[in-house]
Amino acid sequence: MIRAVEASQAVSAPVLAAYRYCETVTGQQARNFAYGIRLLPTPERRAMSALYAFSRRVDDIGDGELPGAVKVERLEDTRALLGRVQAGAVEEDDTDPVAVALAHASGVFPIPLGGLDELIDGVQMDVRGATYETWDDLKVYCRCVAGAIGRLSLGIFGTEPGARGVERAPEYADTLGLALQLTNILRDVREDAEGGRTYLPADDLAKFGCSAGFAGPTPPEGSDFAGLVHFEVRRARALFAEGYRLLPMLDRRSGACVAAMAGIYRRLLDRIERDPEAVLRGRVSLPGREKAYVAVRGLSGLDTRHVSRHTLRGRV
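Residues numbered from 1 in each chain as written. Predicted model: local features only at pLDDT ≥ 70, side-chain atom pairs only at ≥ 80, totals over all residues. Heavy atoms only, no water.

A. Looking closely at the overall build of the protein. Looking only at helices and strands, the protein has 15 helices and zero strands in total. Based on the C-alpha atoms only, the size of the protein along its principal axes is roughly 65 × 55 × 35 Å. Out of the 316 residues in the protein, the part that is buried amounts to 50%. For the protein, the proportion of contacts with a sequence separation of at least 24, taken over those separated by at least 6, is 74%. Here the protein holds 41 positive side-chain charges and 43 negative ones, and the gap between their average locations is 8 Å. (Helix = DSSP H or I, 4+ residues; strand = E, 2+ residues; numbered from the N terminus. Buried < 20%, exposed > 50% of the residue type's maximum accessible area, 1.4 Å probe, protein only. Contact = heavy atoms within 4.5 Å. Lys, Arg positive; Asp, Glu negative; His and termini not counted. Charge placed at Lys NZ, Arg CZ, Asp CG, Glu CD.)

B. A look at the pattern of salt bridges. According to the stated counting rule, one finds 26 salt bridges in the structure shown. Residue Glu118 is joined to Arg151 by a salt bridge in which the shortest nitrogen-to-oxygen separation is 3.1 Å. Separated by 33 residues along the polypeptide, Glu118 in helix H6 (residues 114-128) and Arg151 in helix H7 (residues 135-157) bring together distant segments of the chain. One salt bridge in this structure joins Arg187 and Asp188, with 2.9 Å as the shortest N-O distance. Connected through shared salt-bridge partners, Glu76, Arg79, Asp117 and Asp121 make up one network. (Salt bridge = Lys/Arg side-chain N within 4 Å of Asp/Glu carboxyl O.)

C. Here's a closer look at the packing of helix H8 (residues 169-187) against helix H11 (residues 225-243). The geometry of H8 relative to H11 is characterised by a closest axis approach of 8 Å and an angle of 155° between their N-to-C directions. In terms of axis orientation, H8 runs roughly antiparallel to H11. The crossing of H8 and H11 is left-handed. Across the interface between the two elements, Glu171, Tyr172, Thr175, Leu176, Leu178, Ala179, Leu180, Leu182, Thr183 and Leu186 of H8 pack against Glu232, Val233, Arg235, Ala236, Leu239, Phe240, Glu242 and Gly243 of H11. Classifying every residue of the contact of H8 with H11 gives 11 nonpolar, three polar and four charged. (Axes fitted to C-alpha atoms, helices over the stretch in contact; angles between N-to-C directions. Parallel < 35°, antiparallel > 145°, perpendicular 65-115°, else oblique. Left-handed = near helix turned anticlockwise from the far one by under 90°. Nonpolar A, V, L, I, M, F, W, Y, C, P; charged D, E, K, R; others polar.)

In structure tokens form, the structure reads like this:
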């Protein structure tokens, strides 16, 4: 997917205002992704902010306190709005700034907007209280809520002309999304349990004696909770290793964005691995200075060069 457009055309005042709104949402709510998005050139940064703001709206419906039936109705309203964007039926003076920004971004970049339909499908799984017996089952959900975002983002980033293996770029973007989502699931295991949600596969929970769930700050009695966490960490690391093959296919700024976002989550994974029970005591996070360091490292191209060297040797 070679970059198909030059995004330097003039932007009207209403569209600029819509983008500013989306960038405000991103800056305030994208605690980890904002560090990567800031590294992009202006057109790509605006488009990513529009994508994030729409995705945030969908997530907020799923995570809110409304009754399930109302959530389903709101999600279908949002799907209808997406349909208007896809049909080119959103005017610059529309009262919804997220729709205006997303419509403009999708006219500038070849964004596969069907991925946002997948996101809505995934959030509907949450609303229905879906649980997952196996990793293959959970992957379906992760591909909807995170893999699709990776593929959507690739539509904005594009790929470098002549990059090796570029036909697999969407696959790698999808896999990187899975890695981030599995890290999220591990980080939020207690918070999700308190909200009545269980994401980790039932067969993994049973294997490590954790089927009773995570209602408190300590693991279920007699369980091997650390073993469960380390098992899932290894799975996430394998996904990161595969997904990182995307980096050499991107230009410097897009690669820096992806490396920063993924690097923050890999460091979260390191912390979880060192102290598995920390996820039962509260939300594991990185201080702002460490996130900034990861962003600078991404901009330096260190991660991309590392992946390029090891890909040439047949390993990552």
